[in-house]
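Residues per chain, in single letters:
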Amino acid sequence: MLEVLTPQTQKIIDDFLKHYKPISHRAYISAISNLFYVLGKDDASKLDIEDFKKVQEYFRNKERYGSQDKYCESFFKYIYAYNIIKNPKGFEKIWIKSNLINHFERLLNSVPEKVEYKPSLTIEQIYEIEELMNLEHEDNLEMLKMAFCWYMLFHTDCGVNELKSTDATKYNNNILKTNNGEYYVPEKFAPLLNHLKESKYPGFNVNGIITKLGKLVEIEGLIPQIIKNSRNENILKCSQCGNMYTNTIDNWQAVNKRIICINCADKLKKNSNLKVEPIISQNIEGMSIKDDINISSIIYTFDELRKKLSPEFDYLKLHKFQMEIGKLGEAYVYDLERKNLAGTKYQDMVDNTPAKNPSNGYDILSYDRNGNELYIEVKTEASNENDFYITANELCTARQLQSEGKKYLIYRVHNILAKDKNDITVDVIDNIINNKEYKLMPHIYLLQNRNGQSCKKNSPVLQL
Ligand SMILES: [Zn+2]
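Residues numbered from 1 in each chain as written. Predicted model: local features only at pLDDT ≥ 70, side-chain atom pairs only at ≥ 80, totals over all residues. Heavy atoms only, no water.

Novice: What is the right way to read the nonpolar core from this model?
Specialist: Most often, soluble globular proteins have nonpolar side chains that are buried together. One finds Phe148, Trp150, Met152, Leu163, Phe204 and Leu213 to be the most contacted residues of the largest nonpolar core, which totals 37 residues. Every element with two or more residues in this core is listed here: α6 (123-134), α7 (141-155), α8 (160-165), α9 (190-198) and α10 (206-217). It is α7 that provides the largest number of residues to this core, a total of eleven residues. Sequence-distant contacts of Trp150, defined by excluding residues within four places in its chain, comprise Leu121, Ile126, Ile129, Glu130, Met133, His155, Leu213 and Ile227. In terms of nonpolar packing, the next biggest core, distinct from the first, is built from 33 residues, Leu2, Ala31, Ile49 and Phe75 among them. (Core = buried A, V, L, I, M, F, W, Y, C linked by side-chain atoms within 4.5 Å. Buried < 20%, exposed > 50% of the residue type's maximum accessible area, 1.4 Å probe, protein only. Helix = DSSP H or I, 4+ residues; strand = E, 2+ residues; numbered from the N terminus. Contact = heavy atoms within 4.5 Å.)

In structure tokens:
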């Protein structure tokens with residue numbers, strides 16, 4: 001409708017609309033279109049006080065136009081204030097120009113910029129809390145309380161005040177009653193609730209408990225409502241049954257490539273035309289360490305790396321998994337060496353950058369406390385094996401360095417994924433070429449052209 005107006009007028013309307021939130025633009029455009037239509041004009045500069053009066057009267061007599069008279073009034077104020085109207089006579093009696101300009105300037109400043117969406121809790125934060133809360137806390141009442149409040153707020157519809165106003169005396173056989181309903185409570189919380197039931201204060205100090213949780217996981221300002229908001233952000237509605245479930249993969253399945261809740265999927269499985277598939281987690285990035293991690297960077301300390309890796313991610317392809325536990329072992333030895341050299345000037349000289357390039361034939365350059373160089377090759381395993389593999393290149397490097405009188409050491413890191421860090425062990429093997437405990441066994445041979453070099457870098461010729 002606005003196309004029938006002069007280009008200048010269209011531009012004026014665009015500028016005028018900038019003073020209002022996008023959500024109200026349609027209403028303004030509709031009112032302004034009507035205004036020009038009713039007056040039979042196409043140019044804002046040609047409007048005058050008589051037009052204004054006519055339009056006001058027209059809209060006031062037409063109830064169904066709602067607030068259109070107000071919208072048009074604003075438009076007239078605008079074109080008067082900014083001297084768009086060529087014949088402004090009469091307006092000065094009803095409006096003061098400087099006031100109008102102030103008004104429009106205020107509007108312009110109050111139109112909020114697009115607010116960037118920020119989740120109440122990030123995926124990482126939720127994951128960290130869940131991981132902690134899922135651990136066994138049988139004998140730790142404080143941890144159980146945190147886990148219980150987290151469960152009620154994040155995994156059920158129980159409101160913050162609803163939880164505050166109930167107490168453990170309303171708990172029986174895995175059901176907690178509130179003034180609003182009943183909630184299933186997993187068995188692991190039974191000892192806590194039964195204990196509280198007998199205690200002097202059977203209620204839940206939700207604020208205090210969640211504050212403690214926040215301190216534990218280092219989320220500043222964590223309050224119950226943030227958890228509740230986060231639940232709302234992380235909840236999905238099953239299109240089949242209409243029930244709401246949190247967005248963890250195990251709550252959902254793909255049926256004919258559409259996602260529905262696991263209960264509905266189970267029912268639909270009986271229908272042979274439907275293909276029910278688990279939602280495969282291996283396509284989801286972020287659970288594994290990217291290959292390009294620079295392990296020399298301080299950002300990834302051993303502990304951080306370790307937190308990211310856990311044997312339950314069995315979807316990691318074996319090769320990738322092995323590469324990653326390899327990195328983990330290198331980070332462990334790097335930390336270990338730095339610890340051993342604490343207080344010497346060599347501590348900061350430990351260098352783990354050679355690991356990035358396999359052609360180096362060793363992973364870490366370290367020192368003994370007298371400053372003698374140690375060339376360390378790290379062999380990492382999740383279990384406790386007897387045998388291990390060494391590449392021809394590593395062997396070649398060992399021979400080379402030993403012939404130069406330097407130390408080439410193999411650090412075998414065992415149980416790298418052990419639950420308790422103290423169960424990780426390291427064997428140091430000196431002089432792999434001529435060792436009492438280990439003997440080299442040929443594993444794979446490559447037939448190399450006789451013109452090739454015998455000790456080419458990067459050639460995984462012989463594994464032992
Ligand atoms: Zn469903």
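Novice: Can you help me understand the coordination of the zinc ion in this one?
Specialist: In ideal tetrahedral geometry, four donors around a metal make angles of 109.5 degrees, whereas ideal octahedral geometry with six donors gives angles of 90 or 180 degrees. Of the protein atoms, only Cys238 (SG), Cys241 (SG), Cys261 (SG) and Cys264 (SG) coordinate the zinc ion, at distances of 2.2 to 2.3 Å. Bound by four donor atoms, the zinc ion shows angles of 101 to 116° at the metal and therefore tetrahedral coordination geometry. Here the donor residues for the zinc ion map to a single chain with the spacing C-x2-C-x19-C-x2-C. In this structure Cys241 comes out as partly exposed when scored by relative accessible area, which is 33%. (Donors = N, O, S within 2.8 Å, 3.2 Å for Na, K, Ca; no water. Tetrahedral: all angles 85-135°; square planar, octahedral: opposite > 155°, others 65-115°.)

Novice: Please clarify how the sheet that holds strand β12 (residues 425-430) should be interpreted in this entry.
Specialist: The strands that make up a sheet pair up through hydrogen bonds in the backbone, lying either parallel or antiparallel. What the four strands build is an open sheet, ordered β9-β10-β11-β12; its pairing is mixed. The strands lining the two open edges of the sheet, one partner per strand, are β9 (364-367) and β12. Here the average twist between neighbouring strands, direction ignored, is 35°. The sheet contact formed by strand β11 (residues 407-414) and β12 spans six bridges and is antiparallel. If you follow Ile410 over to β12, its bridge partner there is Ile429. In the packing of helix α15 (residues 392-403) onto the sheet, the strands contacted are β10 (373-380) and β11, and the crossing angle to β11 comes to about 140°. (Pairing = 2+ DSSP bridges. Axes fitted to C-alpha atoms, helices over the stretch in contact; angles between N-to-C directions.)

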